[in-house]
Structure formats: structure tokens, C-alpha cells
Amino acid sequence: MATFISVPLKKSSEVDLVKPLSKFVTSTYPAGDEQAEYIRAVEELDKLRRNAVGRPLDKHESSLESLLRYYDQLCSVEPKFPFSENQLCLTFTWKDAFDKGSLFGGSVKLALASLGYEKTCVLFNAAALASQIASEQNLDNDEGLKNAAKYYQLASGAFGHIKDTVLSALNREPTMDIAPETVGTLSLIMLAQAQEVFFLKATTDRMKDAIIAKLSNQAADFYGDAFKQCQYKDNLPKYFYFQEVLPVLAAKHCIMQANAELHQSVLAKHKKLFGEEIARLQRAAELVKTVASRYDEYVSVRELTEKINRSLTAARKDNDFIYHDRVPELKDLEPIGKATLVKATAITPPLSQKFSDLFVKMVPTAVQQSMSVYSQRKSDTVNRLVGTMREATNLCNGVLASLNLPAALEDLSGDSVPQSIAEKARSVVQQGGLQSIEQLIKDLPELLTRNREILDEALKMLNDEETTDNELRAKFNQRWNRTPSGDLYKPLRAEGANFCNILDKAVQADQVVKDRYNAHCDMIALLCKPESELNAALPSANPAKTLQGSEVVGVLRSQLARLDQVKQEREALEKDIKDVTFDMTTTFLTALAKDGAINEEQLSAGQLDQLYGEHNQKVQASLRQQEELLAQIQTSHQEFSSLKQSNAEANLREEVLKKLASAHDSYVEISSNLREGTKFYNDLTEILLKFQNKCCDIVFARKTERDELLKELQQSIAREPSAPNFNVPAYQSQPPGAPGGPGGPTPAPRTIFNPAPPQTPQQTQAKSQPPARPPPPVLTPPVLTPQTASAGTTQAGTSANNPPPVAPPSAAQGPPYPNYQGYPQYFQMPMGYNPYGYGQYNVPFMPYQATPGQPGYPGAPPATQGYPGYPQQPSQQQNYYPQQ
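As the structure is a prediction and not an experimental result, all values here were calculated from the model.

1. Some details on the overall build of the chain
Now for step 1: When helices and strands are counted, the chain shows 24 helices and two strands.
Now for step 2: Among the 884 residues that make up the chain, the fraction classed as buried is 44%.
Now for step 3: Counting only contacts in the chain whose residues sit at least 6 apart along the sequence, the fraction spanning at least 24 positions is 82%.
Now for step 4: Total accessible area computed for the chain in this model is approximately 47600 Å², and 52% of it derives from carbon and sulfur atoms.

This is the structure:
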């Protein structure tokens, strides 16, 4: 009776995990020990997959352990890598475990770029292997029973987990082996077998009959539910696997019910309910008789039948001679109780006892994304604060340049270069002067062109693949059932459009910088000259020595010194703001573990306020202080200007000094902008290269998926019939001359040689007959008239020396020609000539019926000799074609 059901394993195609995962690691993490460690972990993950699904597995615990380790690692890796069709695209191909395919079509398989699909298939194999290991256990000892129950419950839990998660893990219809209805049925079967193992354990331990009866009755219910599930699902019975499983389930249902009735009858006997004992034994005997008559080739119940029959015979004998208890009807018996000792194992990773996370230091993708957004928010905050201070500094420099300060205070003599202008000229020369700016401006177009070429090439790959996908979709219509490229590439196209906008804005910013450079180019060139040439270029003015000791000059110098101090403090504050660091990884991991999700905006905003709140206050204080000082400087400068002697030369000199001061500030800003632009383009090049690699990877994965789908479509087209079914006309479906059919000649029978009516003299000799075949329809022999007889005699006499030649070989046995209404003296066409039919079917030659009045072929042997190499023909020959 110990017939247990196991599930076959799915087979997978080889997948290279090392190349795409290593590329992601190198593009995401900086070079160093951490990156090298992750690459080694990727290689180890690839080895795990090859050991788990890339080789035949023995029915042993070690093989199951390798599957569970790989499944646990997949569960751990899933949140840490962005597995998806438009990011990290890995296509996994698995064959249907039950559909063995056909000679031309091959097995049914499904290829998906989904890690959830890979997890589902690996867990299916773990459940299938657990069922195989359980079925191989020795159930004659406690250890074997314990292991069998454990593995059946594990298999039931795994199949149940697949039933609950497969539709959410896949983005399309799964193959039938992992469909919810299929794995739900397998889960019930495994649970029923686990319950049966507990029944065997209770029987072996000679537990109370009441407990054994309840265990057996519950197992019968499980088997019955599984049998009904198989029957009610239209797609399941078409598999040969389920065609073999259905009889076993039905037999086990009856056997478990019979065992329950048997042990309940013992309980009735102890209660001296002898009639109930007989009724239950009769019911048990009927159940095992049903199994023996219908399912004997699947499950043997000989021992159980003998045991039940012995008990029933003894119970009837005792009741007939001693107790005379009334045997109740089956419907009047009290239902047998049920006891469930099994439960599907919950699938909660890690399932393997030897599991260790290969990527333990890598944070989940959700945390990585949150960290990326946080870094952008932090960068925006820093740029906002620094930008505010730089704008204030530029405003301050512009105001001072418009007031010609501090050059106006230094140029009281009117015949030398002011100290501040001289320092600014030296600063410009030290920074490279005009040559450095011109070189930077010259490099910008090249960097821009390089970035545009990279972006255009990436978008071109997407466009070409999408065009091919659309053409195939239009060709195959509904059969092209993969995600449209247009939908899949929407995030990438949005990212590409964003890069295009960034480049366009960069071009505009470059033009603004160039225009500003052209406006100040002459004055910057003047600052680059030696001090003597610079002094000669400055217009001379009347000296204003009377203002050198005035109070207003001292006030202005004091105010300018305080303003310079504010600028220095601002530079130190800018450095402090840029140096602020804080790792949000722990905060995000804690939030993810606690809530299952990360509210990045709330967490980041709170942390940034805490980090930069004090710096923001200092920036605002610096701006207020600068505003107050500038107001004071403007007031003092008005008083200074009213005291200063003004003339045309002095005003011209002051204007030149203002332009020189403004040129210096513009040079510093333009140099900074150009260097930032160069860095921007170089950084953007790396980002665009990553974007291009991402596009290349997804296009390659889509091409692989496209080739797989085309192959499947070709196989499915090959399996389809070449023409649709059509109705055969009635006159073709029934031979002419048959009862109820139209009149006319009868076609040649499928079997050539069969017993026939008496032969006519016109017929030639025939060879020995082959083994008997089914007889053809009865034919009425033609009636010979004296004219035909004499004609036949004359013909025979004229061709005595040259017998009629033998007819060409007949075709091998096959379907006859369609039957049509014949005409007098005309007969059906014979079957076509097949030169390969003789050796295959051992069909002899057909003799040729000579036409009256036609002589035989010259050179033929005499009639008594026959053709060389051929056996002598008998004197009689049957009718091959019906005669009119």
C-alpha cells in the first residue's frame, strides 16, 4: 500500500550572473576593498546557482540543502540589486516540469527577466526534491517516518507559498506547473501524504484504535480534497503526470477510509456494538474491493483485504451464533472523528541551516535610493547656502567697484597704480591670465560634443530595438506577448530627456559666460600687463593730497576693513558648510526594518535641519552685517566725493579704475564658472556612460528574450495543423455499393490479397498469398458467357509462347482512393507506385491482365517457365479490381 507521489524537477537554462552583477557593482561602488568583496560574492552566487540548478540532483539532503541555500541567497539579494526589465535585466528560462513536449515542438518553457520568477522556480524544485526524498525514506523505522513527514510538510508549505505569491512575482501568465491551481493541488497531495505517514507511525506504535481511526479519516479527507481539485481543474488532467496521479489519489482515499472503518470497528467491538462492527467492516470491505477492481495496477490492497475479510468473517460468525445484534445501515452510523497532526511548513527565509549572506555589508536598494535622494537634498542645501553667500559677495564687490573703493582712497596722489588694483593685476597674472580662460572656453565645445554623442548613441539603441519590437508585434499580433518596448523604456527615455535638457541649459550657461568674458576682455588684458604699462594706461589726475588726513578717509578705510573681515568669515563658513558629513544609512535601515518602508523626505528634512540649522543662521547674520556696512560705506563715500576735487581727468581715471576692479571680479567669476563647467561635463560623461551601459544591457537582454520568444513561436507554429478541419462529403464518407450508400463500383480494398470468388480463365497466375488480413466487402463474381469464354480461350492460345507480362509492383498498403460513381467498362484508379514498399511490407507483385488481342512482350520466357528469379505462380488468381 505504501505508494507515495513525488513531483519531477524543473529544468533551467544556464544564466551568467557574474557579468551583469559585477558591472552593477563596479558602476555603483567606488574601487577598493568593498567593491572587490562584492565581486567575489557575485562569483560565489554564480557557483551556488550552478550547484543548485545547473546539474542533476541526487535524492539526498545535501542536494536539498544546496537548493535552499540558493533560495535564501536570492531572498537576501533581491532587495539589494535593482532587478527589473529596465535596470538590472537578467533573463531566467525554465521548462515546464510536467509537459514533456513533442518531437518537433520541444518542451514548454518560459523566459522572464524577473528574480521573483527565479525564486518561484527554485522553491518549486526544493519542494519537488523534498517530495522525492520523502518517498525514498524507509517507513519501517521511526527515523524514516519522521523524515518523510518532515519533508512532505516542507513540500506542502513550499507549494502553498508559490500558490500565494506566484502571480505577484510574475508579470505575465505562468506555465501550468507553477500556476496557482497546480501548486495548490500539489500542496494538498503532500499534506495528505504527511498525514498518512503519521497514520503509519500510529499503527506501528500500536496506538489506540480511536486515534488511528481519526488519523486515517483525516488522511482520507485530504486525499479526497486533492482528488476533487484535480478533477475540477480543466488544465490539470491533460498532463500525463496527473493522469497517473488521479487513480492513486482515488485509491488512497478509499484505503484511508477503509482503515478508518476497520479501526473504528475494533472500537465498536470493545463497546460490544457488534452490529456496528459488522457494518463498518462491510463498508471497509466494499472500499478495498473497489480499489482492487479499479486501481490494482497502482496500489496493492491484498494484505488489507485479507485482514478486513478475516475480521468480517469472525464478526459475522460471532454475531450469528452468539450476539444476534442488528446490523445498522451505513447512514445510521456515527461519523468517525478526525485528527490533524500535520501542518504545512511556513516558508520564512532562511530555510537552510548553513546559510550565510554573501552580501551582508551591502545595503538594500531602497536604502541606496534613499541615500541617493538624501545626497541630492544635502547637495541642494549646501549649494543654496554657498550660493547665497557668493551672491552677497558678488553684490558687495559690485557696489565697491561702482564706488571705486578702495582704489579711490589709495589713488589720492593721482600719479601711480593704486595698491588694490596692483594686487588684483598680480592675482590675474598668477591665475593664468587670458590664456587660461581662452583654453577653458576652447575645451567646452569638445566636451559638449562628446556628451551629446554618447547620449545620442544610447537613445539610438533604444529606438532601434523598439522599432524591431513593434514590427514583430505587428507581425505576430497577440502571440507577441511580452512587454512592449515603448512601455518598458519610458523611465529610460525620461532619463534621456532629462539629460538633453541638462545639456541644453549647459549650452545656454556657456554662452552667458562667453558674453561676459567678451565684455571684460580688454580690461582683463590690461590687468595682465606689467605694472609700468598699467600705470601708463591709467589717465593722470590732479593730486588730492588735502584729503589724505581727513576724517572721512579714515572712516571709509575702517568700514572697508570690517567688510573684508566679513568676507573672510564668509569664506571660512563656506568651508565649514561643505565639510559637514553624516551617514544616513543606519537611520534608513532602522526605518526599513521597523516600518517596512522608508519615508525619506521626512527623515532627510529633519536631519538636514539639524545639521545645517546653525550654519543657516550664521549665513543670515553675515548677510545682515554686510547690508549694514554697505549702507554705511555708501554714506561715507558721498561725503568723501563731496570733499574731493573733481575734474574731467579725475573722473576719467576713476572710471578706468572702476572697470579694472570690475574686470578682476569678472575674471575670478568667469574662471570659476569655466572650471565648474569643465568638471560638470567630465562628471556628466561618466553618468552618460553609465546610462549608455544601462541601455546597452537592457537592449541585449531584450534581444535575448526576443530570440527565445521567436524560437518558441516557431515551435508552436510547427505544432499547429497545416490546414483547418473540414467536413467530408457524404458520398466520400461511405463507399459506393455498401448498404445505404450510392451505387457504383466498389473501390480496391485496403488489403490486397484476400479470399475471393472463383477465378475466371482470363486471369493470370498469382504468387503465394501473404498472411491473412481483414476481408474486404463481399463482391459478386461476374457471370461468364460463352462469348467471353471463347474469347478468353483464343487469347490464351495465341499467347501460349509469350505469357502476359507481370504488372508493375503495387503500392504498399494505405488508404484507398476516394470513391466516385463509376461508368460501365471503367474502373477505379489503382494506388500510386511506391518503390520502397516491397521490402517494408513484403507485398508481392500483381500480375498484369492482358488486353484481348494484344500479344505479350517479345523475349519473354515460356508460360510454363516464368520469369527468372521469380517463384512459379499458382494457377488461380483472385480479382484485384472489381469487374463490371
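2. So, the packing of aromatic side chains
Now for step 1: This structure, assessed with the given rule, holds 12 aromatic pairs.
Now for step 2: Residues Phe 4 and Tyr 152 carry aromatic rings whose centres are separated by 5.8 Å and whose planes lie at 25° to one another, so their mutual orientation is stacked. With Phe 4 in the segment before helix 1 (18-28) and Tyr 152 in helix 5 (residues 142-169), this pair connects stretches of sequence that are 148 residues apart. The exposure classification of Phe 4 matches that of Tyr 152, with both residues buried.
Now for step 3: An aromatic cluster of three or more residues is present, and its members are Phe 24, Phe 81, Phe 83 and Phe 359.
Now for step 4: In this structure, Lys 10 is placed above the aromatic ring of Phe 124, and the distance from its NZ or CZ to the ring centre is 6.0 Å.
Now for step 5: The ring of Phe 4 has Lys 252 sitting right over it, with the charged end atom 4.5 Å from the ring centre.

3. Remarks on the packing of helix 2 (residues 33-53) against helix 3 (residues 61-77)
Relative orientation and spacing of two packed helices are given, respectively, by the angle between their axes and the distance between those axes.
Now for step 1: Axis separation between helix 2 and helix 3 bottoms out at 8 Å; the angle between their running directions is 140°. Considered as vectors, helix 2 and helix 3 are oriented oblique to each other. The element helix 2 and its partner helix 3 pack so that their crossing is left-handed. Along its contact with helix 2, which presents Leu 45, Leu 48, Arg 49, Asn 51, Ala 52 and Val 53, the element helix 3 presents Ser 66, Leu 67, Arg 69, Tyr 70, Gln 73 and Val 77.

4. Section: the confidence of the model for the chain
Now for step 1: Across the chain, the average pLDDT comes to 79, with 76% of residues at or above 70.
Now for step 2: Averaged pLDDT values for the elements of the chain fall to 42 in helix 23 (residues 786-798) and rise to 95 in helix 4 (residues 115-135).
Now for step 3: Note on residues 736-768: pLDDT is under 50 here. Beyond four places in sequence and across chains, it has 92 contacts.
Now for step 4: Across residues 779-829, where pLDDT falls below 50, the model places 93 contacts with residues more than four positions away in sequence or in other chains.

5. Quick look at the packing of helix 5 against helix 6 (residues 180-204)
Now for step 1: The interhelical angle for the contact between helix 5 and helix 6, taken along N-to-C directions, is 160°, at an axis separation of 8 Å. It follows from the interaxial angle that helix 5 and helix 6 lie roughly antiparallel. Handedness of the helix 5/helix 6 crossing: left-handed.
Now for step 2: Class assignment of the residues belonging to the contact of helix 5 with helix 6 gives a composition of 18 nonpolar, seven polar and three charged.

6. With respect to the pattern of salt bridges
Now for step 1: Counted under the stated rule, the structure contains 36 salt bridges.
Now for step 2: Notably, a salt bridge pairs Lys 578 with Glu 574, separated by 3.3 Å at the nearest N-O pair. Highlighted residues: Lys 578 and Glu 574, both in helix 18 (residues 551-579), separated by four residues, approximately one helical turn.
Now for step 3: Accessibility expressed as a relative area gives 14% for Glu 574, which makes it buried.
Now for step 4: Lys 703 is the salt-bridge partner of Asp 707, the closest N and O atoms lying 3.4 Å from each other. Of the two residues, Asp 707 and Lys 703 both sit in helix 21 (residues 648-719), four residues apart, roughly one turn of that helix.
Now for step 5: Assessed through its relative accessible area of 37%, Asp 707 is described here as partly exposed.
Now for step 6: One network of salt bridges, with partners in common, ties together Glu 465, Asp 469, Arg 473, Arg 482, Arg 702 and Glu 705.

7. Description of the pairing of strand 2 (residues 109-112)
Now for step 1: Every second residue of strand 2 is oriented toward a common face, with Lys 109 and Ala 111 on one face and Leu 110 and Leu 112 on the other, all of them buried.
Now for step 2: Relative to strand 2, strand 1 (residues 92-95) runs antiparallel, the two being bridged by four bridges. Counterpart to Lys 95 in the pairing with strand 2 is Lys 109.

8. Remarks on helix 18
Now for step 1: With 29 residues, helix 18 should reach 42 Å at 1.5 Å per residue; the first-to-last C-alpha distance of 43 Å fits that figure.
Now for step 2: Burial in helix 18 covers these residues: Val 552, Val 553, Leu 556, Gln 559, Leu 560, Leu 563, Val 566, Lys 567, Arg 570, Leu 573, Glu 574 and Ile 577.

9. Considering the nonpolar core
Now for step 1: In this structure, Phe 81 and Phe 124 are the most contacted members of the largest nonpolar core, which totals 112 residues.
Now for step 2: Counting 49 residues, the second largest nonpolar core, distinct from the first, contains Val 417, Ala 506, Val 656 and Leu 674.

10. Some remarks on helix 4
Each full turn of the α-helix corresponds to 3.6 residues, which orients residues three or four apart in the same direction.
Now for step 1: In a regular helix each residue adds 1.5 Å, so 21 residues correspond to 30 Å; helix 4 covers 30 Å between its end C-alpha atoms and thus fits that length.
Now for step 2: The backbone nitrogen of Gly 116 has a side-chain oxygen 3.3 Å away, supplied by the residue at the start of helix 4, namely Ser 114.

11. Here's the deal with the side chain of Asp 177
Now for step 1: Within the element layout of this structure, Asp 177 appears in the loop between helix 5 and helix 6.
Now for step 2: Polar side-chain contacts of Asp 177 include one of 2.5 Å to the side chain of Lys 10.
Now for step 3: Engagement of the side chain of Asp 177 in a polar contact is seen with the side chain of Thr 175, the distance being 2.5 Å.

12. A closer look at the environment of Val 360
Now for step 1: In this structure, Val 360 sits in the loop between helix 10 (302-323) and helix 11 (365-402).
Now for step 2: Val 360 sits in the exposed class, given a relative accessible area of 59%.
Now for step 3: With 283 residues separating them along the chain, Val 360 and Val 77 place their C-alpha atoms 9.3 Å apart.

13. Remarks on a nonpolar patch on the surface
Now for step 1: A surface patch of nonpolar side chains, about 360 Å² in accessible area, is lined by Phe 321, Ile 322 and Tyr 323.
Now for step 2: Of note, Phe 321 is situated in helix 10.

14. Overview of the environment of Val 512
Now for step 1: Among the structural elements, Val 512 can be located in helix 16 (residues 490-527).
Now for step 2: Owing to a relative accessible area of 55%, Val 512 belongs among the exposed residues under this scheme.
Now for step 3: Sequence separation of Val 512 and Ile 670 is 158 residues, and the distance between their C-alpha atoms is 9.9 Å.

15. With respect to the environment of Asn 319
Now for step 1: Its place among the elements puts Asn 319 in helix 10.
Now for step 2: With near-sequence residues (within four places) excluded, Asn 319 lies in contact with Phe 274, Ile 278, His 324, Asp 325 and Val 327.
Now for step 3: Here the side chain of Asn 319 touches Asp 325 through a polar contact of 2.6 Å, landing on its backbone nitrogen.

16. Focus on unusual backbone geometry
Now for step 1: In this structure, Pro 350 follows Pro 349 across a cis peptide bond, with omega equal to 0°.
Now for step 2: Checked against the element boundaries, Pro 350 lands in the loop between helix 10 and helix 11.
Now for step 3: Of note in the backbone geometry, Arg 206 takes a positive phi value of approximately 55° without being a glycine.
Now for step 4: Relative to the helices and strands, Arg 206 resides in the loop between helix 6 and helix 7 (209-232).
Now for step 5: The residue Asn 477 is not glycine, and still its phi comes out positive at about 60°.
Now for step 6: Note on placement: Asn 477 falls in the loop between helix 14 (433-476) and helix 15 (485-488).

Parameters and conventions
Residues numbered from 1 in each chain as written. Predicted model: local features only at pLDDT ≥ 70, side-chain atom pairs only at ≥ 80, totals over all residues. Heavy atoms only, no water. Helix = DSSP H or I, 4+ residues; strand = E, 2+ residues; numbered from the N terminus. Buried < 20%, exposed > 50% of the residue type's maximum accessible area, 1.4 Å probe, protein only. Contact = heavy atoms within 4.5 Å. Areas by Shrake-Rupley, 256 points an atom, 1.4 Å probe, with all protein chains shown as cover. Phe/Tyr/Trp six-rings, centres within 6.5 Å; stacked < 30°, edge-to-face > 60°. Lys NZ or Arg CZ within 6 Å of the ring centre and 35° of its normal. Axes fitted to C-alpha atoms, helices over the stretch in contact; angles between N-to-C directions. Parallel < 35°, antiparallel > 145°, perpendicular 65-115°, else oblique. Left-handed = near helix turned anticlockwise from the far one by under 90°. pLDDT = per-residue confidence, 0-100. Nonpolar A, V, L, I, M, F, W, Y, C, P; charged D, E, K, R; others polar. Salt bridge = Lys/Arg side-chain N within 4 Å of Asp/Glu carboxyl O. Pairing = 2+ DSSP bridges. Expected span 1.5 Å × (residues − 1). Core = buried A, V, L, I, M, F, W, Y, C linked by side-chain atoms within 4.5 Å. Polar contact = N/O pair within 3.5 Å; in protein donor to acceptor, adjacent residues only side chain to side chain. Patch = residues over 30% accessible without salt bridge, like charges linked within 9 Å, V, L, I, M, F, W, Y side chains within 5 Å.

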